[in-house]
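Residues per chain, in single letters:
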Amino acid sequence: MHPHLDNQEYTLPENPTVQDYLLHPVRMCSDFSTRLQHNFGWRFAVQIGIMYVCVKGLLNSTMGLVKLSYCKKTLGIDGNACQTMSSIAMTPWSIKGIFGVVSDSYPLFGYHKKFYIIGAAFAGTAAFIGLAALPIKSANVAALFMFLANIQIAISDLLCEGKYAELMQAKPKTGSSMVSYVWGCYQVGAFVASVFVGPIADNYNPQIIFWFCIPLSASIIVPTALDYLADEKVPDDQRGFKWNLWREHGKIIFFACAAAAVALGNAMVDLVFFDAHNWQAVYAAVGSVVLCVLAFHCLPRQLAKCNLYMFISSILYINISGSMDFWFTADAASGWWTWLPTLATSQHVPSTIMYTASLVGRVIASVSFLVAAVSISCIRPYTLLLGSLILACFPRIE
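Residues numbered from 1 in each chain as written. Predicted model: local features only at pLDDT ≥ 70, side-chain atom pairs only at ≥ 80, totals over all residues. Heavy atoms only, no water.

Draft legend 1. Quick peek at the state of the cysteines. Under the definition given, this model contains 1 disulfide. Each sulfur in the disulfide pair Cys-71 and Cys-82 lies 2.5 Å from the other. Sign of the S-S torsion, about 75° for the bond between Cys-71 and Cys-82, identifies this disulfide as right-handed. One end of the pair, Cys-71, is in helix 2 (residues 42-75); the other, Cys-82, is in helix 3 (residues 79-89), and 11 residues separate them in sequence. Judged by relative accessible area, Cys-71 falls into the buried class, the value being 0%. (Disulfide = S-S within 2.5 Å. Helix = DSSP H or I, 4+ residues; strand = E, 2+ residues; numbered from the N terminus. Buried < 20%, exposed > 50% of the residue type's maximum accessible area, 1.4 Å probe, protein only.)

Draft legend 2. Local environment of a nonpolar patch on the surface. Side chains of Val-18, Leu-22, Leu-23 and Val-26 sit close together on the surface and give an oily, nonpolar patch of about 400 Å² of accessible area. Note that Val-26 resides in helix 1 (residues 18-40). For Val-26, a relative accessible area of 57% puts it in the exposed group. (Patch = residues over 30% accessible without salt bridge, like charges linked within 9 Å, V, L, I, M, F, W, Y side chains within 5 Å. Areas by Shrake-Rupley, 256 points an atom, 1.4 Å probe, with all protein chains shown as cover. Salt bridge = Lys/Arg side-chain N within 4 Å of Asp/Glu carboxyl O.)

Draft legend 3. Expanded view of the packing of aromatic side chains. Inspection of every chain in the model, using the stated rule, returns 13 aromatic pairs. Here the aromatic rings of Trp-183 and Tyr-186 are separated by 5.5 Å at their centres, their planes lie at 85°, and the arrangement is edge-to-face. Of this pair, Trp-183 and Tyr-186 both sit in helix 7 (residues 177-203), separated by 3 residues, roughly a single helical turn. Looking at Trp-183, the relative accessible area reads 39%, which means it is partly exposed. An aromatic cluster is defined as three or more aromatic residues linked by ring pairs; in this entry it consists of Tyr-70, Phe-128 and Phe-210. Here the basic side chain of Lys-114 rests over the ring of Tyr-111, its NZ or CZ set 4.8 Å away from the ring centre. (Phe/Tyr/Trp six-rings, centres within 6.5 Å; stacked < 30°, edge-to-face > 60°. Lys NZ or Arg CZ within 6 Å of the ring centre and 35° of its normal.)

Draft legend 4. Region of the structure containing the nonpolar core. One finds Ile-48, Phe-128, Met-178 and Phe-210 to be the most contacted residues of the largest nonpolar core, which totals 75 residues. Excluding anything up to four places from it in sequence, Ile-48 contacts Cys-160, Tyr-164, Met-178, Tyr-181 and Val-182. Membership of the second largest hydrophobic core comes to 9 residues, among which are Ala-259, Leu-294, Ala-295 and Leu-299. (Core = buried A, V, L, I, M, F, W, Y, C linked by side-chain atoms within 4.5 Å. Contact = heavy atoms within 4.5 Å.)

Draft legend 5. Spatial organisation of the pattern of salt bridges. Applying the stated criterion across every chain yields a total of 6 salt bridges. Here Lys-56 and Asp-157 are joined by a salt bridge, their closest N and O atoms 3.2 Å apart. Of this pair, Lys-56 sits in helix 2 while Asp-157 sits in helix 6 (residues 139-170), and the two are 101 residues apart along the sequence. Taken as a pair, Lys-56 and Asp-157 share a single burial class, namely buried. One salt bridge in this structure joins Lys-114 and Asp-227, with 3.0 Å as the shortest N-O distance. Placement of Lys-114 in helix 5 (residues 114-133) and of Asp-227 in the loop between helix 9 (221-225) and helix 10 (243-248) is noted, with a sequence separation of 113 residues between them. Here the salt bridges share partners, and the residues they tie into one network are Lys-56, Lys-96, Asp-157 and Glu-161.

Draft legend 6. Molecular detail of the packing of helix 2 against helix 7. At a minimum axis separation of 7 Å, helix 2 and helix 7 run at an interaxial angle of 30°. As judged from the angle between their axes, helix 2 and helix 7 are roughly parallel. As for the relative orientation of helix 2 and helix 7, their crossing is right-handed in sense. (Axes fitted to C-alpha atoms, helices over the stretch in contact; angles between N-to-C directions. Parallel < 35°, antiparallel > 145°, perpendicular 65-115°, else oblique. Left-handed = near helix turned anticlockwise from the far one by under 90°.)

Draft legend 7. Seen up close, helix 3. Counted residue by residue, helix 3 has 8 buried out of 11 residues, so it is predominantly covered. Listing the buried residues of helix 3 in full gives Gly-79, Ala-81, Cys-82, Thr-84, Met-85, Ser-86, Ile-88 and Ala-89. With a side-chain oxygen positioned 3.3 Å from the backbone nitrogen of Asn-80, the residue opening helix 3 is Asp-78. (Polar contact = N/O pair within 3.5 Å; in protein donor to acceptor, adjacent residues only side chain to side chain.)

Draft legend 8. A look at the environment of Gln-152. Secondary-structure assignment places Gln-152 in helix 6. Taking the C-alpha atoms as reference points, Gln-152 and Ile-117, separated by 35 residues in sequence, lie 7.3 Å from one another. Excluding residues within four positions of it along the chain, Gln-152 makes contact with Val-55, Leu-59, Ala-120, Ala-121, Gly-124, Thr-125, Ser-217 and Ile-220.

Draft legend 9. The arrangement of the packing of helix 11 (residues 250-272) against helix 12 (residues 277-298) in detail. Helix 12 packs onto helix 11 with a crossing angle of 180° between their chain directions and a minimal axis gap of 10 Å. As summarised for this structure, helix 11 and helix 12 are arranged roughly antiparallel, according to the angle between their axes. Of the residues in helix 12, those touching helix 11 at Lys-251, Ile-252, Phe-254, Phe-255, Ala-258, Ala-259, Ala-261, Val-262, Gly-265, Asn-266, Val-269 and Asp-270 are Trp-279, Gln-280, Tyr-283, Ala-284, Gly-287, Leu-291, Leu-294, Ala-295, His-297 and Cys-298. Grouping the amino acids of the contact of helix 11 with helix 12 by side-chain chemistry returns 15 nonpolar, 5 polar and 2 charged. (Nonpolar A, V, L, I, M, F, W, Y, C, P; charged D, E, K, R; others polar.)

Draft legend 10. Inspection of unusual backbone geometry at higher detail. If you check the backbone angles, Asp-227 has positive phi at about 65° while not being a glycine. A residue is classified by how much of its surface remains accessible, and Asp-227, at 36% relative accessible area, is partly exposed. Its identity as a non-glycine residue notwithstanding, Ala-230 has a phi of 60°, on the positive side.

Written out as structure tokens, the structure reads:
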């Protein structure tokens, strides 16, 4: 064994030559790969790579990027309906806490993570088959299929996060190598998605893209079934529902259940009152206040304060990207260019401007993902934080 491999990073020689500088990226990547395999094993690296390149990177980013074109060209709905559909579809990300509680409380077929990921992957794959093959024209139906797809991504992400956090805790000397690997994989997948989704969605029926999502969704099944996740099997005499976990952490689990209930209730309100936006707003406001108050009763005070801060920062961050997407990609009669007096009078603007706006958005997204990927691997944490704060001052284009 080589304990020095735990966190020792590759550095240039004391007197580097031109060749050293040219080969530095290759040597740095090779050294990083060696340390990663030494500390976590190549099987686990493959599992995490597939999860964060194919599932959370490619698949999740593809769903986000295709949403606008799918709403406009396939479903034929307006911005309000598209945002309501997105709210329903994204609900699984708000109930990740209860997914974690269930997986920790009951080992499915003897495993706390393995078969939950596999089951979620089958559900997600079936959802993408439905989105790709069925002639869906209802935003409600599309929202339900996307809800199932996001369940897969959210559960797989949560349980893989839990496993690599567990391994990092067992090997603290490994530093941030696994976190860098995770985010590097994610950025690669997101970058690839931003390159191909735009042109396909502009020139063909966006529904075609869901066919590409099917193998991506199923890709996590094979390594998980082969135990690449390193999820240990629970002995037969220790199986069953772990009620002691609920007794020891009753308040925290109760809050997780309450948050999940409010999130699912929000999805139901959006589904039943699809066009009644006032009712949606009232439910969201009441549910948010109830959860903020409940947090101070159920969570440690420090966590409750963090929860309140995150809530306040979210509601104060004015995000109208959904409406802006429709505004930027409107047709010649109602697009953003009609604000220009000379064009507004003539209205003879080619419809290809809509695609130009889409292409510009995709290019900006691609560049941003590439910069983020390079930053994760090459820039020190405090420099990256400063850059993030500076970029946060500028508007985001999606």
